[in-house]
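One letter stands for each residue in the lines below.
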Amino acid sequence: QVQLVESGGGLVQAGGSLRLSCAASGRTLYVYAMGWFRQAPGKEREAVAAITWSGSSNTYYADSVKGRFTISRDNAKNTVYLQMNSLKPDDTAVYYCAARSRGSSSTYTPLATYDYDYWGQGTQVTVSS
């Protein structure tokens, strides 16, 4: 029902910045919230940040990225962004965009992977020291 396409990944040195974009298409009226997650080889997928799609634009961040990453939205463009500053080698991972359906009846847990219904294919972020 909803398709997500990430872009903006690449190779940067430690301390550098990247801006990721996630464009949503299809039945975007189904979207309640958007989130960014990441997964490094040999590790489980972990939450990075989340934002509600409409209304007061509530944001949520993992402790590991607070103060460095900023999530934002542009509803007119059906796009969510992740501005990443002061990047560290530990930030190296495939970053995935995800969307939670408005049809979900469960209580929303912003940084829980199981609370999202649609996923993009991911974009690689590599940070060298």
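It should be noted that the structure appears before, not after, this text.
Asks: Is there a simple way to think about the overall build of the protein chain in this case?
Replies: What the protein chain contains, in helices and strands, is 0 helices and 11 strands. From first element to last, N terminus to C terminus, the protein chain shows the α and β order β-β-β-β-β-β-β-β-β-β-β. Its C-alpha atoms give the protein chain a radius of gyration of 14 Å, near enough to 14 Å, the size a compact globule of 129 residues would have. When its C-alpha atoms are laid out on the principal axes, the protein chain stretches across 45 × 25 × 25 Å. A burial count over the protein chain gives 44% of its 129 residues as buried.

Asks: Where do I start with the pattern of salt bridges in this structure?
Replies: A side chain of one charge can pair with a side chain of the opposite charge when the charged atoms of the two come close. Throughout the structure, instances matching the rule amount to 5 salt bridges. For K66, the salt bridge goes to D63, with nearest N and O atoms at 3.2 Å. One exposure class covers both K66 and D63, and it is exposed. Note that R100 and D115 form a salt bridge whose closest N and O atoms lie 3.3 Å from each other. Taken together, the residues span a long stretch of sequence, with R100 in strand β9 (residues 93-101) and D115 in the loop between β9 and β10 (118-119) at a distance of 15 residues. Neither residue differs from the other here; R100 and D115 are each classed as buried. Connected through salt bridges with shared partners, the residues R38, E46, R68 and D91 form a single ionic network.

Asks: Looking at this structure, I do not really get the nonpolar core. What am I missing?
Replies: Most often, soluble globular proteins have nonpolar side chains that are buried together. Core analysis: the biggest nonpolar cluster contains 31 residues, and L4, M34, W36, V80, L82, M84 and Y95 have the highest contact counts within it. Those elements giving two or more residues to this core turn out to be β1 (2-7), β3 (18-26), β4 (31-39), β5 (46-52), β7 (69-74), β8 (79-84), β9 and β11 (123-128). Apart from residues no more than four positions distant in its own chain, L82 is found in contact with L18, R19, L20, W36, V48, A49, F69, T70, I71 and Y95. If you look at the next biggest cluster of nonpolar residues, it comprises 7 residues, including F37, A50, A98 and Y108.

Asks: Help me understand the state of the cysteines, please; the structure alone is not making it clear to me.
Replies: Every disulfide links exactly two cysteines, by a covalent bond between their sulfur atoms. In this structure the tally under the stated criterion is 1 disulfide. There is a disulfide in this structure between C22 and C97, and the S-S distance comes to 2.0 Å. Here the S-S torsion is close to -80°, and the disulfide linking C22 with C97 is therefore left-handed. A residue pair is termed long-range when its members are at least 10 positions apart, and C22 in strand β3 and C97 in strand β9 qualify at 75 residues.

Asks: Help me out: how do you make sense of the sheet that holds β7 in this one?
Replies: Picture the strands of a sheet paired through backbone hydrogen bonds; they go either parallel or antiparallel. The strand order across the open sheet formed by 4 strands is β1-β3-β8-β7, and the pairing between neighbours is antiparallel. One side of each edge strand has no neighbouring strand; the edge strands of this open sheet are β1 and β7. Neighbour-to-neighbour, the strand axes of this sheet turn through a mean angle of 15°, independent of strand direction. Relative to β3, β1 runs antiparallel, the two sharing 6 bridges.

Asks: What exactly am I supposed to notice about the pairing of β9 here?
Replies: Side-chain direction in a regular strand flips from residue to residue, so the side chains alternate between the two faces of the sheet. Taken across its 9 residues, β9 has 8 buried, putting it largely inside the fold. Pairing of β4 with β9 involves 8 bridges; the strand directions are antiparallel. By the bridge assignment, W36 is partnered in β9 with C97. Sheet analysis places β9 next to β11, joined by 3 bridges and oriented antiparallel. Looking across to β11, one finds that V94 is bridged to Q124. For β9 and β10, the ladder comprises 2 bridges, and the chain directions are antiparallel. Bridge pairing in β10 places A98 opposite W119.

So, how was this worked out
Residues numbered from 1 in each chain as written. Predicted model: local features only at pLDDT ≥ 70, side-chain atom pairs only at ≥ 80, totals over all residues. Heavy atoms only, no water. Helix = DSSP H or I, 4+ residues; strand = E, 2+ residues; numbered from the N terminus. Rg over C-alpha atoms; globule rule 2.2 N^0.38 Å. Buried < 20%, exposed > 50% of the residue type's maximum accessible area, 1.4 Å probe, protein only. Salt bridge = Lys/Arg side-chain N within 4 Å of Asp/Glu carboxyl O. Core = buried A, V, L, I, M, F, W, Y, C linked by side-chain atoms within 4.5 Å. Contact = heavy atoms within 4.5 Å. Disulfide = S-S within 2.5 Å. Pairing = 2+ DSSP bridges. Axes fitted to C-alpha atoms, helices over the stretch in contact; angles between N-to-C directions.

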